[in-house]
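Close look at the chain arrangement
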Amino acid sequence: IDAQHLKPGDLLPSETSLGASFGVSRPVIREALKSLAGKGIIEIVNGKGAMIRPIDSDPLRRFFQRAMQMEYGTMLELMEVRRGLEMQSVELAAQRRVPADIEGIRRAVQAMREHMGDLETYTRLDVEFHLRIAAASHNSMMVSLVESIRDALRNTVTAGLQSRGEALQVEVIQLTHEQLFETLAAGDVAAA
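First, a word on what this report is: a plain description of the structure on this page.

What counts, and where the lines are drawn
- Residues numbered from 1 in each chain as written.
- Predicted model: local features only at pLDDT ≥ 70, side-chain atom pairs only at ≥ 80, totals over all residues.
- Heavy atoms only, no water.
- Patch = residues over 30% accessible without salt bridge, like charges linked within 9 Å, V, L, I, M, F, W, Y side chains within 5 Å.
- Areas by Shrake-Rupley, 256 points an atom, 1.4 Å probe, with all protein chains shown as cover.
- Salt bridge = Lys/Arg side-chain N within 4 Å of Asp/Glu carboxyl O.
- Helix = DSSP H or I, 4+ residues; strand = E, 2+ residues; numbered from the N terminus.
- Buried < 20%, exposed > 50% of the residue type's maximum accessible area, 1.4 Å probe, protein only.
- Pairing = 2+ DSSP bridges.

**Quick notes on a nonpolar patch on the surface**
Taken together, the side chains of F22, V24 and V28 present a nonpolar region at the surface, about 280 Å² in accessible area. Checked against the element boundaries, F22 lands in helix 1 (residues 15–22). Looking at F22, the relative accessible area reads 61%, which means it is exposed.

Structure, rendered in structure tokens:
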């Protein structure tokens, strides 16, 4: 893959060709392909062969979700990671955002205001808001990291909102998001 500079969507050579290139049998190639598929690097498509998969946040998302399920204390650690990532994300977004980014973030924060009484929808929109900020950073790795962490925290964020679910608390959270939007729209890196 590296030597031939293959990109997502490209097909690998056939098992027979790969076997000949590496001087190994087809069963060895099949095992190697299964390993690459298990790591999410390729997808084996019946009738076509092995195709390079696009890079996405699924492996990270699975890691964070599993860590949250298996290890005591990971919630606090994940919140600390989230804070660092989102602070960097918003700083880059304030520097790099374009009008289309600002419009998408505006729509998300406006939809949040409209759904403050529906905590499940509000939480989904909150995740969208933060993902739009990450996208405005124009850093694809930042988007994947924020996406994977936000998904792991989604249920916790919902539970937190429900426990604080008084209208006043949600209003304070909403105002914070709206203020953040305003600083991004203004390109104010320090305030963001």
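So much for the structure itself; the text now carries on.
**Side note on the pairing of strand 2 (residues 49–52)**
Each regular strand carries side chains that alternate between the two faces of the sheet. Taken together, the 4 bridges between strand 1 (residues 42–45) and strand 2 define a ladder with antiparallel strand orientation. Residue I42 lies in a different strand from strand 2, and its bridge partner there is I52. Where strand 1 hands over to strand 2, the hairpin turn is made up of 3 residues, of which G47 adopts a positive phi near 85 degrees.

**Focus on the pattern of salt bridges**
Applying the stated criterion to the full structure yields 11 salt bridges. Of the charged contacts, one joins R30 and E15 as a salt bridge, the two residues approaching to 3.1 Å between their closest N and O atoms. Taken together, the residues span a long stretch of sequence, with R30 in helix 2 (residues 26–38) and E15 in helix 1 at a distance of 15 residues. For E15, a relative accessible area of 22% puts it in the partly exposed group. Notably, a salt bridge pairs R107 with E103, separated by 3.7 Å at the nearest N-O pair. With R107 and E103 both in helix 5 (residues 99–114) and 4 residues apart, this pair spans about one turn of that helix. By relative accessible area, E103 is classed as partly exposed at 30%.

Distances and angles like these do not, on their own, reveal function.
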